[in-house]
Amino acid sequence: MRAKLALFGLVKIVSVTSETNGMKDDPVTKYIVRSWDEIYPWMRFFARNCLPPPYDVSVTPPRPDLCSVFDAVKLCITPLSMICTESEEGRHMLRSSVSVQHFVAQLWILVGNIKGDILPGDPGTTPDGLISKLRASFALTNFVCVSESEDPDKVTLPLSNYIHAAGGVKPVVFTLLRYIRRLTRDAAAVKEPRSWTPNDQSIQELHLYTLGLDYSFQFLQTISRQDVSCRAQLIHQGSIRIVVDTITQVLPRILVQANKELDFHPQLGLAGRQKVLWSGYSYIASAIRDSDDGVTAVCQAIDTGLLQTLEKGVVCPPHANSRDSPVRGRMGDIELLFLLATFFVYHRVVESIFRHWFRIQSAPREKREIRDKGLGMALEIVLKSTIEAMDHRSVEPINFHEYRCSGPGCPMCASKFVSKKRRCSGCLVSIYCSEKCQRTAWRNGHRKWCQVLRCTVGPWGSRDIRTSLQVIAGFETSEISGLAKDVETRVREAQQQFPAFRNKLVLMLDMTVYPSEVNVLPVHKLEQFPGKDPIWPEIADEIRARSDSPPKGYMFSVVKVHLGKSKFTLFSPSTALRMAFEGQYFSDDEACDHVDEDEIDDSKTLGDRDLDCNSEPLDDDV
């Protein structure tokens, strides 16, 4: 009992002293951090004897007579929160101590599993939502344990130590997402402020919850960046969907212009409230950029309504008639918008856009004050790109090479194949209805274009690239046409820079950035592309001979795309599809029903060499 009262007294003294601090060392460092060897054993004692097990909070604590659960939670969390807020020395201790990180991780799991806001032993005289507030403040402690030190010379523990202390990847991911959902609920439930001043209780509660969400998003980004298993598990559990949903709910409460006193406040002002948006958008961008399957991450974001949420950020519903607008803080929304646009070349992403396009267009647009003209212009440009993507996707015939036999003159559609379709194991693009058609195609030119088509789908033969060739080709044609003057300038510069390779220049359209950029390089300097292969001069000659408007100053064009952290340089899809399948387009009078791709393509992994595993399809090396 005396130990409990002593700890409560110490916390109270330190909190009061911090408000009137005039000492060289802050009170938290002096009285808590440097007395940690005496304080920490008592914190562990109360946690071990007066709190339930972290993974089963319904179990009665071993010694409830010593201290109530309510008091034990306050004794364990409050000193840690004060250390993270006030003491740099204390933050380093959390990052470098195995024992303390284990204690914090177990306590974090416990608080995350507590249901409701009332704890056993609560006298009923505390402010409303105590557990919610402790949960929000504890988010900082959790983030500090896995963040990098302010001093680069100080050693910190690896993330694996914290994950192991918390019980593994799944408990960490599940608990973190549970924290975010509950903090979102608490922030959305804050009552409308009465006075719209820094002293208003609702303003302070909203600040506390958004601050907890901010640190939770930073923790989310840290574990996603440092641990591959955490990144994959977060995407699998719908972390992007949860973050978008959180931003959607808190954004109307954050982007409110009230008055000059509140809007320009250093902590509670509009710029400070925007930090949670920056952290959320940054996590979504990093999850997409660092993922092995960025297409799935982008589809998850679009399906959750990210574009509609960004559109709401363009306007700010003002609370009062005030002409003073705070300077726009860095929110990461424009960067995220442009990152999303680099994935509009993929068929799955375009399908997600198409499913939500009506909702985007039909959303009610209230007449409100335009808050962010920069974001509005960026959003308008990106939405135009979505229209272009849907136009390229709808060009007939849609992905003809996926629905029709590639045998010369063969009218057979994939839906009418007697057996499963036979995919060329060399290029992974051409399909055939029979061995006869495959042999005929090989003798009639596929021998040459097989390698070219394989360079069109990349070294992995990605399914997303393979099914998106038509959309990529459409963007390639329109972008190069729109950048015609820039292309001419780049060609002249390359001819001067590489005079020995004037006849071996290649135009590269970089679609991993938005807007797309063009560059001209010798063919042997291209990454992930067999530039030294002797077939390319021959292919370039054939392109000039068979094209109505052959390229000027370069052999052919290539397209650079990415699937997240993996980038690929592809041979021109527009050229490859036109030259390799010349005369194989569907006729207007042909009755050929398009079938669902999943019905005819059982492959679910990258780089499958043939779809019919039970038969013996003919390879192209016959």
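Higher on the page you've got the structure.
Residues numbered from 1 in each chain as written. Predicted model: local features only at pLDDT ≥ 70, side-chain atom pairs only at ≥ 80, totals over all residues. Heavy atoms only, no water.

**Q** Looking at this structure, how should I read the nonpolar core?
**A** Soluble, globular proteins show a tendency: their nonpolar side chains are buried together. Ranked by size, the top nonpolar core spans 181 residues in total, and within it Leu94, Phe344, Val349, Ile465, Trp536, Phe556 and Phe571 carry the most contacts. Aside from chain neighbours lying at most four places away, what touches Val349 is Val295, Val298, Cys299, Ile302, Phe343 and Phe344. Membership of the second largest hydrophobic core comes to six residues, among which are Trp196, Ala258, Leu262 and Leu268. (Core = buried A, V, L, I, M, F, W, Y, C linked by side-chain atoms within 4.5 Å. Buried < 20%, exposed > 50% of the residue type's maximum accessible area, 1.4 Å probe, protein only. Contact = heavy atoms within 4.5 Å.)

**Q** I tried to follow the pairing of strand β4 (residues 517-522) on my own but got confused; where do I start?
**A** Regular strands place side chains that alternate from one sheet face to the opposite one. Inspection of the sheet shows strand β3 (residues 505-510) paired to β4 by six bridges, in the antiparallel sense. Note on β4: the bridge partner recorded for Asp510 is Glu517. (Pairing = 2+ DSSP bridges. Helix = DSSP H or I, 4+ residues; strand = E, 2+ residues; numbered from the N terminus.)

**Q** Please clarify how the pairing of strand β6 (residues 567-571) should be interpreted in this entry.
**A** β6 sits mainly inside the fold: four of its five residues count as buried. Examined bridge by bridge, strand β5 (residues 557-562) and β6 share five bridges and lie antiparallel to one another. For Val561, the partnering residue across the bridge sits in β6 and is Phe568.

**Q** Looking at this structure, how should I read the environment of Cys450?
**A** Assignment of secondary structure puts Cys450 in helix α22 (residues 435-457). For Cys450 and Cys424, which are 26 residues apart along the polypeptide, the C-alpha to C-alpha distance reads 8.5 Å.

**Q** Just to check I follow, could you spell out the layout of surface pockets for this structure?
**A** Which parts of space are left empty comes out when a probe the size of a water molecule is rolled across the atoms. A volume near 1,300 Å³ is recorded for the largest pocket. Lining the largest pocket are 38 residues, with Ser81, Thr85, Ser137, Leu208 and Leu211 positioned closest to its centre. Sorting elements by how many residues they give to the lining of the largest pocket places helix α10 (residues 201-226) first, with eleven residues. Taken together, the residues that form the lining of the largest pocket break down as 15 nonpolar, 14 polar and nine charged. (1 Å grid on protein atoms, 1.4 Å probe; cavity = no way out; pocket = protein on both sides within 12 Å on 5 of 7 lines; lining within 4 Å. Points joined across faces, edges and corners; volume = space filled by probe spheres on them. Nonpolar A, V, L, I, M, F, W, Y, C, P; charged D, E, K, R; others polar.)

**Q** So what exactly am I meant to see when it comes to the packing of aromatic side chains here?
**A** Taken as a whole and assessed by the stated rule, the structure comprises 18 aromatic pairs. When the centroid spacing of 5.6 Å and the interplanar angle of 80 degrees are considered together, the rings of Trp42 and Phe45 count as edge-to-face. Taken together, the residues span about one helical turn, with Trp42 and Phe45 both in helix α3 (residues 36-50) at a distance of three residues. Ring-pair connections join several aromatic residues into one group, and the members of that group are Trp108, Tyr162, Tyr179 and Phe219. (Phe/Tyr/Trp six-rings, centres within 6.5 Å; stacked < 30°, edge-to-face > 60°.)

**Q** What should I look at first to understand unusual backbone geometry in this one?
**A** Cis geometry marks the peptide bond from Tyr514 to Pro515; its omega dihedral reads -5 degrees. For Pro515, the location among the structural elements is in the loop between β3 and β4. Phi is positive for Trp196, close to 50 degrees, though the residue is something other than glycine. Among the residues examined, Trp196 registers a relative accessible area of 9% and is labelled buried. With phi around 65 degrees, Leu428 is a residue other than glycine that occupies positive phi space.

**Q** Hey, could you run me through the pattern of salt bridges in this one?
**A** Here the idea is simple: oppositely charged side chains can pair when their charged atoms come close. Counted by the stated rule, this structure contains 13 salt bridges. Notably, a salt bridge pairs Asp464 with Arg348, separated by 2.9 Å at the nearest N-O pair. Of this pair, Asp464 sits in helix α23 (residues 463-466) while Arg348 sits in helix α19 (residues 347-362), placing them 116 residues apart in sequence. Here Glu435 and Arg439 are joined by a salt bridge, their closest N and O atoms 3.1 Å apart. Remark: Arg439 and Glu435 occur in helix α22; sequence separation between them is four residues, near one turn of the helix. On the accessibility criterion, Arg439 (31% relative accessible area) is partly exposed. (Salt bridge = Lys/Arg side-chain N within 4 Å of Asp/Glu carboxyl O.)

**Q** I would appreciate a short explanation of empty space enclosed by the protein in the present structure.
**A** This structure, assessed with the given rule, holds three cavities of 30 Å³ or more. Space inside the largest cavity adds up to approximately 100 Å³. Taken together, 13 residues make up the lining of the largest cavity; nearest its centre are Trp196, Ile203, Leu206, Arg253 and Arg273. Taken together, the residues of the lining of the largest cavity break down into eight nonpolar, two polar and three charged. Approximately 40 Å³ is the volume attributed to the second largest cavity.

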